[in-house]
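# Structural features, examined
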Amino acid sequence: MRVRLDFAYDGTDFSGWARQPGQRTVEQEMTSGLTTVLREMPSLTVGGRTDAGVHARGAVAHFDVSSQVWGAIPGRSDRDPGVALVTRLRGVLPADIVVRSATPVPEAFDARFSALRRHYSYRIADRAQLLDPLRRRDTVIAHRTLEVDAMDQAAKSLQGLRDFGAFCKSRDGATTIRTLLEYRWRRHEDGTLIGTVVADAFCHHMVRSLVGGVLVVGEGRRSATWLTEVLATGVRDPWTQVMPARGLCLERIDYPDGEDALLSRDQESRAVRTLPAGVRRSPR
């Protein structure tokens, strides 16, 4: 049977999600905790592989387990196995990881390939005196006052199905075509700037590079149309820095309902992405 885990973590002291020799990672801690409870090592598939220092409020993963092992989780109690698993994990996981729920799902569910949308946020404080010291681990300080309206205008201009090669760290054999569903900036009531970035999927360093691009616009050093010009070149511009990881948080992942919808989405996600006819692909 397949089990979905919904969980959150403070990424500050992790070297990202993926297991790495000699490094403390979220996958390593999660696998260790589950192995202690299940008495067998599960293979975790995650919906968003975060980099070192990136946080998550709405992370999702899945693993497969036999019905016998699942049924044995509550022990002698009459608790639901999912409820019992969450409780028992709370006793073995470190304080910077919290599992919210453990739910049986259809076999067609895949935490990675079934995802419809991934929602990220990014926090910037451009008035250091207003920075909440309790949020210093998830907020980046900007050294100039930022014009949020210009940032928002530039961000919205990048929405749609596009080749984001200029904002991605290239990987052999991987496409950089993505559908950016939403990219907005607003100033929160506490004075912090909050960026919202939503896409069907992201390529490596894409979100932090998109934030670095609008930061230059917010500082007034580039116009609001500059980012679309960079996008068209397909080449990373030295002005579009990769922003620090600590300001980034995976907020939520959306999935379709029903086994047929899950299967359909899985096929779409695995297919090679292409641009529509007539849309020019960015040069390499």
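A short tour of the structure in this document, coming up. (Residues numbered from 1 in each chain as written. Predicted model: local features only at pLDDT ≥ 70, side-chain atom pairs only at ≥ 80, totals over all residues. Heavy atoms only, no water.)

## What about a positive patch on the surface?
A cluster of basic residues, Arg49, Arg112, Lys169 and Arg171, forms a positive patch on the protein surface. Residue Arg112 is classed as partly exposed on the basis of its relative accessible area of 47%. (Patch = residues over 30% accessible without salt bridge, like charges linked within 9 Å, V, L, I, M, F, W, Y side chains within 5 Å. Areas by Shrake-Rupley, 256 points an atom, 1.4 Å probe, with all protein chains shown as cover. Salt bridge = Lys/Arg side-chain N within 4 Å of Asp/Glu carboxyl O. Lys, Arg positive; Asp, Glu negative; His and termini not counted. Charge placed at Lys NZ, Arg CZ, Asp CG, Glu CD. Buried < 20%, exposed > 50% of the residue type's maximum accessible area, 1.4 Å probe, protein only.)

## What about helix H1 (residues 26–38)?
If you check H1, its first and last C-alpha atoms are 18 Å apart, about what 13 residues at 1.5 Å a residue would give, namely 18 Å. For H1, the full list of buried residues reads Val26, Glu27, Met30, Thr31, Gly33, Leu34, Val37 and Leu38. Looking down the long axis of H1, one finds its buried residues gathered within 165 degrees of arc, a one-sided arrangement. Considering only its buried residues, H1 is in contact with strand E1 (2–9), strand E3 (55–64), helix H2 (67–72), helix H3 (81–92) and strand E4 (97–105). Where H1 begins, the side chain of Thr25 points an oxygen toward the backbone nitrogen of Gln28, at a separation of 3.1 Å. Once H1 finishes, Arg39 follows within two positions and takes phi at roughly 65 degrees, a positive value. (Helix = DSSP H or I, 4+ residues; strand = E, 2+ residues; numbered from the N terminus. Expected span 1.5 Å × (residues − 1). Arc of directions from axis to C-beta. Contact = heavy atoms within 4.5 Å. Polar contact = N/O pair within 3.5 Å; in protein donor to acceptor, adjacent residues only side chain to side chain.)

## Let's talk about the packing of aromatic side chains
If you walk through the whole model with that rule in mind, you get 6 aromatic pairs. Ring plane angle 35 degrees and centroid distance 6.0 Å describe the contact between Phe7 and Trp17, whose orientation is recorded as tilted. Taken together, the residues Phe7 in strand E1 and Trp17 in the loop between E1 and H1 connect sequence positions 10 residues apart. Trp17 matches Phe7 in its accessibility class, with the two residues each being buried. Positioned over the ring face of Trp239 is Arg222, at 4.1 Å from the centre of the ring. When the ring centre of Phe113 is taken as origin, the NZ or CZ atom of Arg270, which lies over that ring, is 3.8 Å away. (Phe/Tyr/Trp six-rings, centres within 6.5 Å; stacked < 30°, edge-to-face > 60°. Lys NZ or Arg CZ within 6 Å of the ring centre and 35° of its normal.)

## Quick word on the environment of Leu116
The topology assignment puts Leu116 in the loop between E4 and strand E5 (117–125). Each C-alpha atom of the pair Leu116 and Gly160 lies 15 Å from the other, and the pair is 44 residues apart in sequence. Sequence-distant contacts of Leu116, that is, excluding residues within four places in its chain, are made with Ala199, Asp200, Asp254, Tyr255, Pro256 and Arg265.

## Some words on the state of the cysteines
With the rule as written, the count across this model stands at 1 disulfide. Shown here is the disulfide that connects Cys168 with Cys203, its sulfur atoms set 1.7 Å apart. Taken together, the residues Cys168 in the loop between strand E7 (160–163) and strand E8 (177–187) and Cys203 in the loop between strand E9 (193–199) and helix H5 (206–218) connect sequence positions 35 residues apart. Cysteine Cys249 is unpaired, with the sulfur of Cys203 as its nearest cysteine sulfur at 19 Å. The buried category is assigned to Cys249, whose relative accessible area is 7%. (Disulfide = S-S within 2.5 Å.)

## Examining the packing of H1 against H3
Remark: H1 packs on H3, axes separated minimally by 9 Å, with the N-to-C direction vectors making an angle of 120 degrees. Considering the angle they form, H1 stands oblique to H3. The element H1 and its partner H3 pack so that their crossing is right-handed. Residue-level inspection shows Gly33, Leu34, Thr36, Val37 and Leu38 of H1 in contact with H3, the latter providing Leu85, Arg88, Leu89 and Val92. Per-class residue counts for the contact of H1 with H3 are 6 nonpolar, 2 polar and 1 charged. (Axes fitted to C-alpha atoms, helices over the stretch in contact; angles between N-to-C directions. Parallel < 35°, antiparallel > 145°, perpendicular 65-115°, else oblique. Left-handed = near helix turned anticlockwise from the far one by under 90°. Nonpolar A, V, L, I, M, F, W, Y, C, P; charged D, E, K, R; others polar.)

## A short note on the environment of His205
Tracing the backbone shows His205 in the loop between E9 and H5. Along the chain, His205 and Asp51 lie 154 residues apart, while their C-alpha atoms are 8.5 Å from each other.

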